[in-house]
Amino acid sequence: METFYTCRNDRAFKEVFLNPNNSDLLKALLEFILKIKIDKLEIKKTELLSGNVNIKDKRVDAIVHTGNKKIEIEINSQNKDYLHTRSTAYICNIYQSNASVWDTYNEDTDIIQVNLTWGLGRNNDEMKIYKIMNEKGELYVKNFIIYEINMDYYDKIWYSKNEEEIKKNQYMIMLDLDKKELENMPKDKIVDKYITNVTIVNDNPEFQKYMSEEEDKRKIQNSLLSEAKEEGISQGYTWGMNDGIKQTAKNLLSMNMPIEDISKATGGLSGLKQIDLSFNTYNLGTKIVKSGESFDITKALDSIKVNTNSIIKKEYNCAYLNDELVDNPKKITLTEPGTYKYEVN
C-alpha cells in the first residue's frame, strides 16, 4: 500500500499550494494565519540566496507577493536546533534583496516569514510572532516579522474532537491528516478542493516514485551516520569516532550529498574538503581529506598509465568545495611516474 503524504511534507505542500490553479487554497491559508484580507497574490520562483557563496543553492519552500507584503513560507516537519538560524538567514536575504530594489531605504514593504513547524509540543502556544526590537519593546524596523506556527497545537484540537474548534481551525488541521481522517473533516469549498488535490498528488506515480527515492536516501544516510557513531563509541577512542564518521562522509559524498550538508550531518568535521581528480577526459572520482593532510596520487598516475599507455603532461586538478567553489583550481603537471603530494590548505 502506497504512503499517503500529507502537506507536512514540503514536496506535497508545494505540489498542492503552489499550483497556480490552487491560489485560492494558499490565499485562504495565509488569510487565516496572518488575519488579513488578501485580494490577489502572486507565487514567485523560490530561488534564494544567489550571490552568497556560503549558503549557495538553498531554496525556500514558497515566496508569495500580495499588496505591500512579501511572504516566505517554510514547512518544517520536525523541530530542529538549527531551524531558527536557517530561517533567519532566509528572511534576512529576502529583506536585503527588497532593500536593494529601491533607490531609497524604506519600510513600505512588509517582509514576512511563516514557519509551519511540527514538534513544538501540543501544550505550547498556538503561535509566536518575532520582531526586531529593544528591551523596551521599541521596534528597530517595523517591516520584519516572523510567524512561528505550532502545528502540534492543531493536532491537539483534532484529537479533542471538539467540532466547533475543528471547524474554526480546519485549514490548519487538514494539512497533516491522512486520507481516512480527511473524510471525517467538516467540509467547505476550500477543504473539498484541498482533499481533491492532495489525493491527486498522492495518486501520481511520478510523485510517489520521487518521494520513495527521497525516503530511501534519507534512511540510508541516517543508517550510515548511526553505524559510524556506534562504531566510534564501541571503540571508545576519539580516533575511532572520527574514522567512522570520515567513512560515512565518503559514503554520503558518493550519493551526491552536498559537502556542507555532510559536514553538518557528521558533526561538523573541521576542514572537510572534496578533491576532484581529473586527467584530461579521465575522471578518477573524488577523495575526501582533512585540512593539513596530503594526497598521494601515485596510484592515480599508475591507473592512467595502464589505461592510456601514456602519462605525458597529465594535469592534476584540485577543486575545493568547502561552502564555496574555488573559481580557478590549482594545477600540477605530471611528466613521469612518481609520488606527487598536494598539501590541502
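**Considering the confidence of the model for the protein chain**
Next, step 1: When pLDDT is averaged along the protein chain, the result is 73; 57% of the residues meet or exceed 70.
Next, step 2: Counted against residues more than four places away or in other chains, residues 49-57, with its pLDDT under 50, gives 10 contacts.
Next, step 3: Of the regions scoring below 50 in pLDDT, residues 269-345 engages in 149 contacts with residues more than four places distant in sequence or in other chains.

**So, the pattern of salt bridges**
Next, step 1: According to the stated counting rule, one finds 8 salt bridges in the structure shown.
Next, step 2: Linking Lys-37 and Glu-31 is a salt bridge whose minimum nitrogen-to-oxygen distance equals 4.0 Å.
Next, step 3: Residues participating in the shared-partner salt-bridge network are Lys-27, Glu-31 and Lys-37.

**Some words on the pairing of strand β4 (residues 110-117)**
Next, step 1: For β4, the buried fraction is high: 8 of the 8 residues fall into the buried class.
Next, step 2: The two faces of β4 match: Asp-110, Ile-112, Val-114 and Leu-116 on one face and Ile-111, Gln-113, Asn-115 and Thr-117 on the other face are all buried.
Next, step 3: In this sheet, β4 lies alongside strand β3 (residues 69-76) in parallel orientation, the contact comprising 8 bridges. Among the inter-strand pairings, Glu-74 is bridged to a residue of β4, identified as Asn-115.
Next, step 4: Crossover connection from β3 via helix α3 (residues 83-101) to parallel β4: handedness right-handed.

**Some thoughts on unusual backbone geometry**
Next, step 1: Positive phi is not limited to glycine here, since Lys-35 has a value of about 55 degrees.
Next, step 2: Residue placement: Lys-35 occurs in the loop between α2 (23-34) and β1 (42-44).
Next, step 3: Judged by relative accessible area, which is 58%, Lys-35 ranks as exposed.
Next, step 4: Here Lys-161, not a glycine, exhibits a phi torsion of approximately 60 degrees, which is positive.
Next, step 5: As for its placement among the helices and strands, Lys-161 is situated in the loop between α4 (151-160) and α5 (163-168).
Next, step 6: Owing to a relative accessible area of 66%, Lys-161 belongs among the exposed residues under this scheme.

**Describing the environment of Glu-31**
Next, step 1: Inspection of the secondary structure assignment puts Glu-31 in helix α2.
Next, step 2: Judged by relative accessible area, which is 18%, Glu-31 ranks as buried.
Next, step 3: In contact with Glu-31, other than residues within four places in its own chain, are Ile-36, Lys-37 and Ile-38.
Next, step 4: At a separation of 2.8 Å, a polar atom in the side chain of Glu-31 contacts the main-chain amide nitrogen of Ile-38.

**Remarks on the packing of helix α1 (residues 10-17) against helix α8 (residues 189-203)**
Next, step 1: Where α1 meets α8, the closest approach of the two axes is 9 Å, and the angle between their N-to-C directions is 120 degrees. As judged from the angle between their axes, α1 and α8 are oblique. Remark: the crossing between α1 and α8 carries right-handed chirality. From α1, Glu-15, Val-16 and Phe-17 reach across to α8, where they touch Tyr-194, Asn-197, Val-198 and Val-201.

**Quick notes on the packing of aromatic side chains**
Next, step 1: Evaluated as defined, the whole model comprises 5 aromatic pairs.
Next, step 2: Arranged with centres 4.6 Å apart and planes meeting at 20 degrees, the rings of Phe-13 and Phe-17 form a pair that is stacked. Here Phe-13 and its partner Phe-17 are both found in helix α1, 4 residues apart, which amounts to about one turn of the helix.
Next, step 3: Judged by relative accessible area, which is 0%, Phe-13 ranks as buried.

Parameters at a glance
- Residues numbered from 1 in each chain as written.
- Predicted model: local features only at pLDDT ≥ 70, side-chain atom pairs only at ≥ 80, totals over all residues.
- Heavy atoms only, no water.
- pLDDT = per-residue confidence, 0-100.
- Contact = heavy atoms within 4.5 Å.
- Salt bridge = Lys/Arg side-chain N within 4 Å of Asp/Glu carboxyl O.
- Buried < 20%, exposed > 50% of the residue type's maximum accessible area, 1.4 Å probe, protein only.
- Helix = DSSP H or I, 4+ residues; strand = E, 2+ residues; numbered from the N terminus.
- Pairing = 2+ DSSP bridges.
- Right-handed = clockwise from strand over helix to strand, strands pointing away.
- Polar contact = N/O pair within 3.5 Å; in protein donor to acceptor, adjacent residues only side chain to side chain.
- Axes fitted to C-alpha atoms, helices over the stretch in contact; angles between N-to-C directions.
- Parallel < 35°, antiparallel > 145°, perpendicular 65-115°, else oblique.
- Left-handed = near helix turned anticlockwise from the far one by under 90°.
- Phe/Tyr/Trp six-rings, centres within 6.5 Å; stacked < 30°, edge-to-face > 60°.

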